[in-house]
Amino acid sequence: LDPDIQKAAKSVMDSRLRELSSRHKVLQGALVCIDPWTGHIIAMYGGRDFYDPDMGGQFNRATMARRQPGSTFKPYIYATAMEAGYTPNSIVLDKPYTIDGHDIHNDDHRYHGAIPFRTALAISDNVAASRILMRLGITSVIEKAHQIGITSPLRPVPSLALGTSEITVLQNTSAFGVFATGGLRADPTPIERVDNSAGETLVEHAHPVQAARVLSQPSATEMQEMLHYVVTDGTGRNANIGGLYVMGKTGTTSDNKD
């Protein structure tokens, strides 16, 4: 852990959750900050009070809580598409779409017609993501998501495009690191080294990390471009920090539960 970053993480999470909570509803949250090049976890926030039984008691929401990722799952679909030869300029049709008798709709129930993949991801278009998922094949997307870093089982159903399979914040953060490194994956770890009382090293995290390539460089570059566009022109504008090249993706599930 980086003590300064950990202190900042706890401060901002505590403050924001207090603002959002009410007398009758206490909201919880989680945060993970990882150096994607090494896998080192440099800050983690697992909830408002780890020791308070009224808050759930010794339950780390960053590592233990499996929640629906919502639209933050969509980049794994688009990454699979980039590997399959599509580009940010490829076109997908956003119009009423039905899968196995289930109508897929966007949050605002509006449709945009033929739009580039870049725009579809930026506005978090549900219909577009579902069409691309079905075009690629659900199994292909699951395989790529697991390669990138999702370790939880993913249900092979069309609603996967909407982020209905539960994962942890740690998994999602670690997997997103692949986009930052240009396609290289380093497994997350909270431990750099473990020594015993005699000074002998029992465990040591490799330096440099032997990161695995799980996304081709061209595909990773295209994903960086699209995820940056989410922040500059899409649903992630609140994360557009001046002077930094920021990439990201928003995600919200039904009834704002997650």
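Remember, it's a predicted structure, so these values are computed and weren't measured experimentally. (Residues numbered from 1 in each chain as written. Predicted model: local features only at pLDDT ≥ 70, side-chain atom pairs only at ≥ 80, totals over all residues. Heavy atoms only, no water.)

Points about the overall build of the protein
The condition that has to hold: The numbering of helices and of strands both runs from the N terminus, where a helix is a DSSP run of H or I of at least 4 residues and a strand a run of E of at least 2. All radius of gyration figures rest on C-alpha atoms, and the globule criterion is 2.2 Å times the number of residues raised to 0.38. Think of it in three bands: residues with accessible area under 20% of the maximum for their type are buried, residues over 50% are exposed, and the middle band is partly exposed, with areas taken using a 1.4 Å probe on protein chains only. The contact definition used throughout considers only heavy atoms, calling two residues in contact when any of these lie within 4.5 Å. His is not counted here, nor are the chain ends, while Lys and Arg score as positive and Asp and Glu score as negative. Just so you know, the charge point we use is NZ for Lys, CZ for Arg, CG for Asp and CD for Glu.
If you tally the helices and strands in the protein, you get seven helices and ten strands. Its C-alpha atoms give the protein a radius of gyration of 19 Å, within 12% of the compact-globule value 18 Å for 258 residues. Its C-alpha atoms give the protein principal-axis dimensions of roughly 65 × 50 × 40 Å. Among the 258 residues that make up the protein, the fraction classed as buried is 43%. Sequence-distant contacts, at least 24 apart, represent 63% of the contacts inside the protein between residues at least 6 apart. The average position of the 24 basic charges and that of the 27 acidic charges among the side chains of the protein differ by 6 Å.

With respect to the nonpolar core
Heads up, the condition is: Nine residue types can take part in a nonpolar core, namely buried Ala, Val, Leu, Ile, Met, Phe, Trp, Tyr and Cys, and a core is a set of them joined through side-chain atoms within 4.5 Å.
One finds Tyr 76, Ile 77, Tyr 78 and Met 223 to be the most contacted residues of the largest nonpolar core, which totals 39 residues. Within the residue set of this core, elements represented by two or more residues are α2 (74–83), α3 (117–122), α4 (126–136), α5 (138–148), α6 (169–180) and α7 (217–233). Of all the elements, α2 adds the most residues to this core, at six residues. Val 32, Ile 34, Ile 41 and Ala 62 belong to the second largest nonpolar core, which has five residues in total.

Thoughts on α2
Extensive coverage of α2 is indicated by the burial of nine of its ten residues. Those residues of α2 that fall on the buried side of the exposure criterion are Lys 74, Pro 75, Tyr 76, Ile 77, Tyr 78, Ala 79, Thr 80, Ala 81 and Met 82. In the core, the buried residues of α2 are packed alongside α3, α4, α5, α6 and α7. Immediately beyond the C-terminal end of α2, within one or two residues, lies Gly 85, with a positive phi of roughly 105 degrees.

Describing unusual backbone geometry
Non-glycine residue Ser 124 carries a positive phi angle of around 60 degrees. Secondary-structure assignment places Ser 124 in the loop between α3 and α4. Of note, Asp 255 is a non-glycine position whose phi angle comes to about 60 degrees, a positive value. Note on placement: Asp 255 falls in the segment after α7.

Quick look at a nonpolar patch on the surface
Using the following cut-off: Patch rule: a residue counts if its relative accessible area is over 30% and it has no salt bridge; like charges are joined within 9 Å, and nonpolar side chains (Val, Leu, Ile, Met, Phe, Trp, Tyr) within 5 Å. Here the open area of atoms and residues is found with the Shrake-Rupley method and a 1.4 Å probe, where only the protein chains shown may cover a residue. Salt bridges are defined as contacts in which a side-chain nitrogen from Lys or Arg sits within 4 Å of a carboxyl oxygen from Asp or Glu.
A grouping of Ile 191, Leu 202 and Val 203 is seen on the molecular surface, where their side chains present a nonpolar patch of about 270 Å² in accessible area. Following the sequence through the fold, Leu 202 ends up in strand β9 (residues 201–204).

Digging into the packing of aromatic side chains
This is how the line gets drawn: Between the rings of Phe, Tyr and Trp (Trp by its six-membered ring), a pair exists once the centres lie within 6.5 Å; its type follows the angle of the planes, with under 30 degrees stacked, over 60 edge-to-face, and the other angles tilted. Charges are assigned to positions over rings by a cutoff of 6 Å between ring centre and Lys NZ or Arg CZ, combined with an angular limit of 35 degrees from the ring normal.
Counted under the stated rule, the structure contains six aromatic pairs. The interplanar angle of 25 degrees and the centroid separation of 5.4 Å between the aromatic rings of Tyr 86 and Phe 117 together place this pair among those described as stacked. Taken together, the residues span a long stretch of sequence, with Tyr 86 in the loop between α2 and β3 (91–94) and Phe 117 in helix α3 at a distance of 31 residues. Among the residues examined, Phe 117 registers a relative accessible area of 0% and is labelled buried. These aromatic residues form a ring-pair network of at least three members: Phe 73, Tyr 76, Phe 176 and Phe 179. Directly above the ring of Tyr 97 sits Arg 131, whose terminal nitrogen or CZ lies 4.2 Å from the centroid.

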